[in-house]
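Residues per chain are reported as follows:
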Amino acid sequence: MTGPVVQIVPMAEQSNFLVPNATFLVELAAFALLFYLLAKYVIPPINRAMTNRQEAIRQEFADLDKARADANAAEAEFKAQIADARHEAAKIREEAREQGAQIVAEMREQAQAEAARIVDNGKNQVAAERQQAVASLRSEVGTLATTLAGRIVGESLEDDERSGRVVDRFLADLDALETSKAAARDGAAQNGAG
């Protein structure tokens, strides 16, 4: 009879996981050595690098906040300067308008004064020329009228006093006719304007 063979191992040779053996102690020592080396030489530089990196990031955020605040302040100052410039430009435009209106008013007054002076000079010149024309006309018309009247009447009217009266009466009639024509024109102009 041959059957399965069961081997019985004595109890002392069986390993107990609760009792450490030499392999476990070597593994534990290797782990401790590796932990010590990592804690002493690897982790501190990594921690320093991480701390430095965090500090650099904090500094960048602080610089960014400061730059943002400076940009906002510069923008506000720029807007204030723009508003001041617009206000100043409006003030300058208003002053220019006022000065322009003043200059136009002064020039208008000067032009009106010059026009009045020219009209007065023209009236004076016309009056002087009229006086000359009347004097010339008196002498010529007087001579012609007395000659003509003498021919019509058939006798000589060489008397200066008589010829002066004839000329004066003729010129008075002419003035009356001219005055009535001017009055008629003024009346027509006023009726047309009204």
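Reference entry: report on the structure contained in this document. (Residues numbered from 1 in each chain as written. Predicted model: local features only at pLDDT ≥ 70, side-chain atom pairs only at ≥ 80, totals over all residues. Heavy atoms only, no water.)

## Details of the overall build of the chain
Within the chain, the secondary structure is distributed over two helices and zero strands. Within the chain, the fraction of its 194 residues that count as buried is 4%. (Helix = DSSP H or I, 4+ residues; strand = E, 2+ residues; numbered from the N terminus. Buried < 20%, exposed > 50% of the residue type's maximum accessible area, 1.4 Å probe, protein only.)

## Considering the pattern of salt bridges
Taken as a whole and judged by the stated rule, the model has seven salt bridges. In this structure, the salt-bridge partner of Arg68 is Asp65, at a minimum N-O distance of 3.6 Å. Within this pair, Arg68 and its partner Asp65 are both found in helix H1 (residues 22-153), separated by three residues, close to a single helical turn. A relative accessible area of 46% means that Arg68 is categorised as partly exposed. Residue classification places Asp65 among the partly exposed residues on the basis of a relative accessible area of 45%. (Salt bridge = Lys/Arg side-chain N within 4 Å of Asp/Glu carboxyl O.)

## Notes on a nonpolar patch on the surface
A contiguous nonpolar patch, built from Leu33, Leu34, Tyr36, Leu37, Leu38, Tyr41, Val42, Ile43, Ile46 and Met50 and spanning about 940 Å² of accessible area, is present on the exposed surface. As for its placement among the helices and strands, Leu34 is situated in helix H1. Its relative accessible area of 49% is what places Leu34 among the partly exposed residues. (Patch = residues over 30% accessible without salt bridge, like charges linked within 9 Å, V, L, I, M, F, W, Y side chains within 5 Å. Areas by Shrake-Rupley, 256 points an atom, 1.4 Å probe, with all protein chains shown as cover.)

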